[in-house]
Structures are given as C-alpha cells and as structure tokens.
Amino acid sequence: MLEARSLTKYYNHTPAVRQVSFAIHPGEILGYLGPNGAGKSTTVKILVGLIQPSEGQIFYRGRSVYEDFAAFQRRIGYVPEEPHLYSHLSGRENLQLAGRLRGMPRRVLEPKIDEFLSIFGLSSDSHSPVSSYSKGMRQKVLLSAALLHDPDVLILDEPFSGLDVTSALMLRSLLRSLAGRGKTILYSSHVLEVVEKICSTVVILRKGEVVAYDSIERLRELMRQPSLEGVFAHLADVDDGERVATRVVQAMNYQGPAPSPRAAEPGATEGPAPAPQPERPVALGLRAYRAISSAFPDEFNANYGGEMLKTAEDAIEPVWRQHGLAGLARLLLDVAIRVPFEYLAELGQNLRYALRMLCGSPGFTLVALTSLALGICIATCAYSEMNGLLRNLPRVPHPDELVALHAPVSYPAYRQYRELHDVFSGSFAYVAPVPFGLSLGGRAERTWGHLVTPSYFSTLGVHPLLGRFFEAADEQPGRAPTVVVSHRLWASRLGSDPSIVGKTLEINGYAATVVGIGPEEFRGASPAIFPADLWLPVSVDGRLAPELAGNALERRDLTMFQVAGRLRPGITEDRAETELDAAARRLAESYGEADRNPKANRVELLQGGKIIPVQKRDLPFFRDFFMILGGLVLLIACANVANMMLSRAAARRREISVRLALGASRGHLVRQLLTESMLLAAGAALPAFLLSSWLMRLASSMKMPLPIPMTLDLTPDWRALVFTFVLTGFTGLGFGLAPALQATRADLVSALKEGGHVHLRKYRALSLRNILVLG
Amino acid sequence: MIEAPLPESFLPLKPHWFHILLSLAGLEQHGYGIMQDVLARTGGKVRLWPATLYGTLKRLIEAGLIEESGGRPAPQFDDERRRYYRITRLGRRVLSAECHRLEELVRIIHTRRGLLAEES
C-alpha cells in the first residue's frame, strides 16, 4: 500500500499542496483530480522523488520511503507530464537507456523493448531519433519506459495527452489489467471521462488542498450530481464555461475603471442602476472620511477599515439628504473621535500585555528595573546637585542683574565703588560670616549673621515680613543698635512672635532692637556658604561686633567687606568690570601707591544672584559636569538593558514572527515593545526618584567640617521630578526603540522555522548589539 | 482555558451593545444592516455612526458576544468588503439577562407611576 500523509510543499512561502493525505491499495487505481495549478503535478513529483516535501511523509508497505528512497524508486514506474526524452536518441535507444538505468540485464531488456515497441506500433520508427516522433509516439515511449522494469507502483501524470483514440483505449485496458495484477496506480489527470471509467476512488484537489476523497459513486450521491464532472465542477469551484467566456469578453472590452457604483440598499432589487454622481459635499465628506479613517491603528483598519468605509459610503447619502451638512459633520466627528479611542484601547491592551510579559520573566524584569533605577537615580541626583548649586537667590527679583566682587575689599574702596551710579542702580557691602552670641532664655547661642550696609536689602529687592529693614539713618554711628532677624530664626527660636518688632534681643551681651523680620526662605546674599540669621548695620558699636572695632570702616587695609551690586539695565559685566577697575586704580593713586601691574584686572565680577557666587566662565562646569557624569551612568544602564532586550528579542523572535505572520503590523509591534520598555522605565523611575530624594536629603544635611555655616538644599524639587519624568521617557525610548525595530525586522521564515535560528548578519562587527556591548 | 464569563457580568449593557445584540438576535447582518435596523427600530432616534458601530462590533467580538459568520447572501446582493455578524450563545444569554433587567426596571417604574398617579 502506498500512503501519503500530510504532504505539504511550499514554493516561496506559498503552499502548492497542503496537508494532502491518501492511500492506494494494490490493485487500485486512484484518480487524482484537480484544475490546473491545484497541485497535482507537485504531488506526483514528491511521490517520485523529484522534489522534497516541506512537510509530511510517504509510506510504502508501512515503511517511510525516505528510509531508502532508491529502493522505492526502483519499484515505481513514472510517466511524466512532459515527455522528457533525449530527442537525438531513437525510441529504442531511449528505452535501452531507461532499462540500463534501472539495472536490467541486457538479455531481459532487449526482448522486452522489442515487445513494447511492437505493442505500441513503434517498431518501424524505432531507429529514428525521437525528435521526429509525434507527441503520441513520444507518450508511448514514455509509457514503455515506465513499464519496462515491471514496477509495483505506477504513477502517471496526464498519460493520455497526445494519444489517439485507439492508443487511449488500449492504455485504458492496459491500466485495468495492471490493476488486476495487483499494481498500485496513481492516475493524475483532468480528463474526467477516463477517470470515471477506470478509477474506483478519486482525490479532488483544489488550491493545494484535498476537498474530496471518496469513491466516485459516493461522491455522485453526496453531491447529488449525475456525473463526476458535476461533482468536480462543484468541488473544485470551477466557473462554468459560459460565465468565463462572458468575463473574457468583458475583459476585452475593458475601458478603464468605471465610476464606483453606488451601493444598492440591502434588499433592493438587482439591476445595473445607473450610478448617479454624488453631490459635491458628499464626495468631499467621503474623502475626508477616508483620510481620517486611515489614521486608525493598523489592526483596526485591517479588520474593520474596509467594512467601515463601505458602511460610511452606504450611509453618507441618506445622512446628507436627511440632515444636510450637520449630518456630514456628525459623521466625520464620529470617526474623528473614535481614532484616539482605538489608540487608547490599543495602549491599554499593550500595557496589559507588557505587564504580563514582564511578570513572565521576573529575572529579566528585576535586573532591568534595578539597573535602570540606579541609572535614573544617579542622573536625578546629578540634576538635583546642579539645580541646588545653581539655584538663584530665593525671594530676590531679577537675580541676573546682581553681580558680586570676587574678593572682599576695604570699606573705603566700597565707598568709591558705590559712587558708580551709572553702573549700579544699587550696591551694598557686608561682612560675613559673623558669629553672634544670641541670648535666648538665659543661654547664649552662636548665631551667624551679616554686618550690612543699609542698602543691602533694598539692592537685593527683598521686603520684610514684619517691620522694616535698615534705613540710611541706621548707618549713623552711635545709634542704638538695631537688628533684622531671619524668618527661620524668628519661627524656630522666637516662637513666631508677631509683636517682635520693637522688642530687644541680647546680642553679644548688648541689647539690640528688632526692627524687622526677613521674608521666608531668605538667608542673605550668600545663603549657601554664609547663611545669615541676623543682620546688623555696619555702624554698630565695636563692642557689639568685634569685627568692626578699631574704626574698621575707615581702614583701607581691612579688606573684609563683600561687595555686590545691581547693574543698571544695559550695562554689561565687562563694562562694569572696567569701571570698577578704573575706580580701584584711582583709589590706589589717591593713596600714592605705585601700580605694579597696570594691565592686571583688579576687580573681577561674579554672578551675584546665585546662591553660590560663581564666575560666569565657570558656569558651564557647574552646569555640565554633573549632567554629563549622570548622563554617562544612565547611558551605561540603558545600554545594559537594551542589550538584554536584544537578547530577549532574539528569544522572542518566534513569537514576534508569528504575530507578524498573523497580520500584526510592524508599527503595532514596535508600539507594543515600546510600551514594554516604557513600562519598565516608569517602573524604575519611581524607586529612582525616591532613592535620589533620600540621597540628596542626606547630602544636604551633611555637616561640613568647617568653622563656617553652610547650608545647601539639594533635595529634588518639582523641577527634578519633571526632569526624571522626561528622562524616563527618553530612557524608555533609548533602550527600547532600537531593539524593537530590530526585532520586528526579523526575517519571517527563518524565525518561523524551528523558532530561533538567529540569522547572523555578515557585518556583525557593526551590529547594534556589539556597539552597545562596547558602550 | 478561561472560563466563560457569566452573562450577568456584562450588565448593565451599554446602549450600543444592547442595540447591536438586539439586531443580531433575529438574523445575521452586516454593519450597515445593523445601523439601518437600529435606526428603524428606534424611529430614527438612535443612529450608530459607522466608526462607533465598528468600534463597538470589535469590542463585542472581543467579548465573545458576537462573531463573524461565514455565510454570504446571493452574489447580486453581496459586496466583498462586507462582513456578516451573528450573535453567539453567550451573547444571547447576555441579551436575555439584560432584557430581564430592563423588564424589571419597567415594572418598578409602572408601580411607582401608579403611586404617583394616586398622589396627584
């Protein structure tokens, strides 16, 4: 018994035959039927070993023929559809060749050849070359060659083509008698009469698949068809000749696309209703509708797009007639609203899927989350650090206008500088840091403060929360000492006493009258390095502020006054520096000092509006150093995760390929993979932000081992949160996009076949993964 | 295998879902047919605009309440872009559960109305 099981053959990924199974018993002639291109010849070629099946098995007498295909081939006789004969050889020589190839001894072969030649009436032509033979004669030679070695299995592919009636009759009875002698015969043809006469069982093939496999009688019965022809036509979906002829004529008369016929109402009578030209708004509306609906996700469009358009086309006319423009607008609004809706639905689906995927591989997820969280944490810390260092003075308007001298100067020098009214709209000097002993509840506490000129607050532009700041009168020496208290000190040590103004505080053993409370957050002109809680005028008595003892305001060797000023609009720092330089030179000359280095700049300006005064040229360092550092660490984390994503993508190639094959668009899959990486990034961002908040709080509360007060608030604020958020987005894109693009670029077939031979590319040295590994 | 969801878990049914299921309860239909059916049934009050209609059909299919049917009408009435939908067993059970719920509501409204009438 010859048995074919699930034979499948692909040509260029399209199946020529699919899952074809049948069995032929000895003595049986199986008719193998099908329209052109149904896969008949492919099956035959698989059976005789000319081509290999992509899938499936052939069994002969219970054993797979592929165990010893040569032995099986010796048992089959094959009449091919095309008369493959050596045309320069004679009929006899062709037969001799066939016999020799079969290993037949000459003494058996020669008489047999004579016999066959005479049976088929070829004796007289047996020595002429085959090229002179008619098609029927060649067919006879082929038949002879197939039968020469008395095969057990006979496989005939259209053996009757070119045979005259007598030869056909002869062949028919020959096949019957061979079957009677126990041969196994597969007879492939589309000549139905012959099949009907000689075959007991038929297989009908359509588009590579078996659509019927039964005895002819049963098929006729089942299909209620009087003839095999009827059965065949029905099953093989053959158009009847007349219809085909009509279509051919139609095709010949084709003149270009007809105006698209208006769809008939369901249930409307059939008939070629003349298609009326749609009105202009309708046509426009339809065009807009098409344009909008093309924005739907591919999955939706692939499944419902055409149908939805069709329905819209059907509906638009009635809507127009009934509701006019408003109706058209409603129709368009409907589709416009649904577009984001479908994307949201897809996003929800993607998120669920991504969550499932990530939960499905907890090891990967954990490692990826950890490295991303660390990377994002460090980048956020770097940002917070930078943000903290470069923060502007709190509560101070227009901090950009403020400049500060890089080094403290003497008070006489300051007096010189403050006369530069066309450069500065205001300027001030202060001594910092100044420790005061503040007596509270009988105990003296060291409290840091500044000794300031009255212009200090007005130049900075801050306003008191309570009371007032210093006036010019406060500069007059010999007045009762006054003090301004910071909001922090007032709130923490003085119980936020609302009637504090006018009361006295004991500072360094002397009573000073509180004139005002600074605004919240305000800690003076250099809050990071010398934060102040008390401000006293520079005119206070030397006993209260020992720094000022010994007529400090008049001594030009006592350079302890920090000077800052607010530049007038339009004055550049360079201009200010030049003017200050000139003033410094004049001052030196007035003292009769020799200018040792006339070219050198005596005065350098700093950014006075920052909590740490830095030189403008140093700004990039503060701004960029930490960012680059943090960015690099994050980049490493991204590369690490991208690498893992890539190897995961390689493992998921089969899944991705199957989804591509099932019709998922590449865009959809990329979006899906990106959703996964975004989810990962977002999952990492939360712990990262918390961790960096904690770290930076720790850093802020660190006490420097220095005898000066320092406060640096580096805690991440909302800016850092936004930064982390944006960073996370870029991170997700950074490590997700490339792997997603590469994964979905997968060559479908190699991935589908046994799922995971990764197709190594020739230039692997430059492949993404290697670059990332290097990174 | 996921267990078939309880019909009650879909209640109360969204109006669009209800109308589509009701249209498919009788016969298989294509999208435009459903639209016309709903329009006729509600006296023109409810129009399922195409995009909403197909969005809803998609969700109904995903929920397993309806399915695509392979059947096609005679060729002269057919358009190859159209597809036909039919209600599933689950869909039928959901529809009937929703109908029961609505009937119950209507009954309650009627008794209430009776009370109101007496009061006035």
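All figures in this text were calculated on a predicted structure; none of them were measured in a lab.

Caption draft 1: Summary view of the overall build of chain A. Secondary structure assignment for chain A yields 23 helices and 20 strands. Counting contacts in chain A only where the partners sit at least 6 residues apart, residues at least 24 apart contribute 73% of the total. Looking at chain A as shown, the accessible area adds up to about 39,100 Å², and 58% of this sits on carbon and sulfur atoms.

Caption draft 2: Molecular detail of the overall build of chain B. Helix and strand content of chain B: four helices and three strands. Ordering the α and β elements of chain B from the N terminus gives α-β-α-α-β-β-α. Across the 120 residues of chain B, 41% fall into the buried class. A fraction of 56% describes how many contacts in chain B between residues 6 or more apart in sequence connect residues 24 or more apart. Summed over its atoms, the accessible surface of chain B is roughly 7,000 Å², and 58% of this surface lies on carbon and sulfur atoms.

Caption draft 3: Looking closely at a nonpolar patch on the surface. Residues and elements named next belong to chain A. The grouping of Met678, Trp718, Val722, Phe725, Val726, Phe730, Leu733, Leu737 and Leu741 at the surface amounts to a nonpolar patch, some 880 Å² of accessible area in total. When residues of the nonpolar patch are assigned to their parent elements, the largest contribution, eight residues, is made by helix H21 (residues 718-744). Along the chain, the position of Met678 falls in helix H20 (residues 666-700).

Caption draft 4: Quick look at the pairing of strand S1 (residues 2-11) of chain A. Residues and elements named next belong to chain A. Summarising the sheet, S1 and strand S2 (residues 14-24) pair through seven bridges and their orientation is antiparallel. Note that in S2 the partner of Leu2 across the bridge is Ile24. One ladder, built from five bridges, connects S1 with strand S4 (residues 55-60); its direction is antiparallel. Note on S4: the bridge partner recorded for Glu3 is Phe59.

Caption draft 5: Focus on the sheet that holds strand S9 (residues 201-206) of chain A. Residues and elements named next belong to chain A. Judged by pairing direction, the sheet is mixed, and its six strands sit side by side in the order S6-S7-S8-S3-S9-S10 without closing on themselves. Two strands lie at the open edges of the sheet, namely strand S6 (76-79) and strand S10 (209-215), each paired on one side alone. Direction aside, neighbouring strands of the sheet carry axes that sit 15 degrees apart on average. Bridge count for strand S3 (residues 29-33) against S9 is four bridges, and the pairing is parallel. Note that in S9 the partner of Tyr32 across the bridge is Val203.

Caption draft 6: Representation of the side chain of Thr201 of chain A. All names here are of chain A. Locating Thr201 in the fold gives a position in strand S9. Of the residues examined, Thr201 reaches a relative accessible area of 13% and is grouped as buried. Here Glu28 takes part through its side chain, which lies 3.0 Å from a polar atom of the side chain of Thr201. When residues no more than four places from it in sequence are discounted, the contact partners of Thr201 are Glu28, Ile29, Leu30, Gly31, Tyr213, Asp214 and Ser215.

Caption draft 7: A look at the nonpolar core. Residue and element names in this part refer to chain A. Counting 59 residues, the largest nonpolar core has Tyr456, Phe457, Leu460, Phe522, Trp535, Leu680 and Phe735 as the members making the most contacts within it. Counting only elements with at least two residues in this core, the list comes to helix H13 (362-389), strand S11 (402-405), strand S12 (424-440), helix H15 (455-460), helix H18 (619-651), H20 and H21. For Phe522, the residues in contact, after removing those within four places along its chain, are Pro394, Val396, Tyr456, Phe457, Leu460, Val462, Ser486 and Trp535. Of all hydrophobic cores here, the second largest spans 49 residues; its members include Leu536, Phe561, Ile571 and Ala584.

Caption draft 8: Main features of the pattern of salt bridges. Scanning the entire structure with this criterion turns up 34 salt bridges over all chains. The shortest N-O distance in the salt bridge between Lys503 of chain A and Asp497 of chain A comes to 2.6 Å. The class of Lys503 of chain A is partly exposed, set by a relative accessible area of 36%. Classification of Asp497 of chain A by relative accessible area gives buried; the value is 17%. Here Arg107 of chain B and Glu104 of chain B are joined by a salt bridge, their closest N and O atoms 2.8 Å apart.

Caption draft 9: Geometry of the interface of chain A and chain B. Every contact between the two is made by 34 residues of chain A and, on the other side, 25 residues of chain B. Roughly 2,500 Å² of surface becomes buried between chain A and chain B when both sides are summed, with 57% attributable to carbon and sulfur atoms. Broken down residue by residue, the surface that chain A buries against chain B is led by Tyr304, Glu307 and Lys310 of chain A, which jointly contribute 25%. On inspection of chain A and its partner chain B, the count reaches three salt bridges. A salt bridge links Glu342 of chain A to Arg59 of chain B; the shortest N-O distance between them is 3.0 Å.

Caption draft 10: View of helix H4 (residues 106-119) of chain A. Residue and element names in this part refer to chain A. Taking 1.5 Å as the rise per residue, H4 with 14 residues should run 20 Å; its terminal C-alpha atoms sit 20 Å apart, in good agreement. Tucked inside the fold, the buried residues of H4 contact helix H3 (91-101) and helix H5 (135-147). Phi turns positive one or two residues past the end of H4, at Gly121, with a value near 70 degrees.

Caption draft 11: Representation of the packing of aromatic side chains in the model. Residues and elements named next belong to chain A. Taken as a whole and judged by the stated rule, the model has 19 aromatic pairs over all chains. Where Phe457 meets Phe522, the ring centres are 6.1 Å apart and the plane angle is 50 degrees; that geometry is what we call tilted. With a gap of 65 residues between them, Phe457 in helix H15 and Phe522 in the loop between strand S17 (510-517) and strand S18 (534-537) connect regions that are remote in the sequence. Accessibility assignment for this pair places Phe457 and Phe522 in one class, buried.

Caption draft 12: Examining the side chain of Ser293 of chain A more closely. Residue and element names in this part refer to chain A. Mapped onto the elements of the fold, Ser293 is located in helix H11 (residues 280-293). The exposure class of Ser293 is buried, given its relative accessible area of 4%. Setting aside its immediate chain neighbours within four residues, Ser293 contacts Asn301, Met308, Leu309 and Val335.

Parameters at a glance
Along each chain, residue indices are assigned from 1 in the same order as the chain's sequence is written. Chains and ligands are labelled sequentially in the order written, the chains with letters from A and the ligands with numbers from 1. Predicted model: local features are reported for residues with pLDDT of at least 70 only, side-chain atom pairs are reported and counted for 80 or more only, and whole-chain, interface and lining totals are derived from all residues. Heavy atoms throughout the structure, all of them, feed into the side-chain values; hydrogens and water do not. Put simply, DSSP marks the helices as runs of H or I at least four residues long and the strands as runs of E at least two long, and each gets a number from the N terminus on. When checking whether two residues touch, look at their non-hydrogen atoms; a contact exists if any pair is within 4.5 Å. Each accessible area value is a Shrake-Rupley result obtained with a 1.4 Å probe; residue values ignore everything except the protein chains displayed when judging cover. The rule is simple: take the accessible area with a 1.4 Å probe, protein chains only, and divide by the maximum for that residue type; under 20% is buried, over 50% is exposed, in between is partly exposed. Patch definition: residues with relative accessible area over 30% and no salt bridge; like charges joined within 9 Å; nonpolar side chains (Val, Leu, Ile, Met, Phe, Trp, Tyr) joined within 5 Å. Any carboxyl oxygen of Asp or Glu that lies within 4 Å of a side-chain nitrogen of Lys or Arg is treated as forming a salt bridge with it. In this description, strands pair whenever DSSP reports at least two bridges between them. In this analysis an axis means a line fitted to C-alpha atoms, helices contributing only their contacting stretch, and an angle means the value between N-to-C directions, from 0 to 180 degrees. Each polar contact in these results corresponds to two N or O atoms within 3.5 Å; when the atoms are within protein, one needs to be able to donate a hydrogen and the other to accept it, and residues that are neighboring in sequence are counted only if both atoms are side-chain atoms. The nonpolar core is taken to be a set of buried Ala, Val, Leu, Ile, Met, Phe, Trp, Tyr and Cys residues, with the residues joined through side-chain atoms within 4.5 Å. Each of two parts loses accessible area, computed with a 1.4 Å probe, when they are put together; buried area is these two losses added. How far a helix is expected to stretch is found by multiplying one less than its residue total by 1.5 Å. Stacked, tilted and edge-to-face are the three classes applied to pairs of Phe, Tyr and Trp rings, where Trp contributes its six-membered ring and a pair requires centres within 6.5 Å; stacked means planes under 30 degrees apart, edge-to-face means over 60, and tilted covers the rest.

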